[in-house]
Amino acid sequence: MSLVGWWKLDGNAEDSLGQYDGYEQGNPSYSSGKIGDCYDNTGGGSSGIELIRHNEFKQYESYYSFSLWFTSTTTSGGGGARRIP
């Protein structure tokens, strides 16, 4: 098994491997991140990024996993705002 997609979200939703670009919904924002830019969801609203669509990954549906790093500006709320060290 090998890496299928890598979305840095460094100013866009492109797949750095070039196979499965993400789909920007609305007008997502990008901000300065730890390394380069990053997707910034602090504005809320209806903007966002869809990384994969099921029909594209159907062949992998029995054996794929995701890994991500994110940070939040708050730890309060209904469980959706948490910081992962």
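Below is a short write-up of the structure. (Residues numbered from 1 in each chain as written. Predicted model: local features only at pLDDT ≥ 70, side-chain atom pairs only at ≥ 80, totals over all residues. Heavy atoms only, no water.)

## Quick word on the packing of aromatic side chains
- For the structure on display, the rule yields one aromatic pair.
- Across from the ring centre of W6, 4.7 Å away, lies the NZ or CZ of K8, which sits over that ring.
- Cation over ring: R53 sits above Y23, and NZ or CZ is 3.5 Å from the ring centre. (Phe/Tyr/Trp six-rings, centres within 6.5 Å; stacked < 30°, edge-to-face > 60°. Lys NZ or Arg CZ within 6 Å of the ring centre and 35° of its normal.)

## Section: the nonpolar core
- Residues V4, W7, L9, A13, Y20, I52, F57 and Y60 constitute the largest nonpolar core, which totals eight residues.
- When residues no more than four places from it in sequence are discounted, the contact partners of I52 are W7, F57, Y64 and F66. (Core = buried A, V, L, I, M, F, W, Y, C linked by side-chain atoms within 4.5 Å. Buried < 20%, exposed > 50% of the residue type's maximum accessible area, 1.4 Å probe, protein only. Contact = heavy atoms within 4.5 Å.)

## Describing unusual backbone geometry
- Despite not being glycine, L9 has its phi angle at roughly 55°, a positive value.
- Residue position: L9 is located in the segment before β1 (23-25). (Helix = DSSP H or I, 4+ residues; strand = E, 2+ residues; numbered from the N terminus.)

## Description of the pattern of salt bridges
- For the coordinates displayed, the defined rule picks out one salt bridge.
- When the shortest N-O distance is used, the salt bridge between E50 and R53 registers 3.3 Å.
- Its relative accessible area of 28% is what places E50 among the partly exposed residues.
- Of the residues examined, R53 reaches a relative accessible area of 33% and is grouped as partly exposed. (Salt bridge = Lys/Arg side-chain N within 4 Å of Asp/Glu carboxyl O.)

## Comments concerning the pairing of strand β2 (residues 29-32)
- Alignment of β2 against strand β3 (residues 37-40), held across four bridges, turns out to be antiparallel. Note on β3: the bridge partner recorded for Y30 is Y39.
- Here β2 folds back onto β3 in antiparallel fashion, the turn holding four residues, of which G36 has a positive phi close to 75°. (Pairing = 2+ DSSP bridges.)

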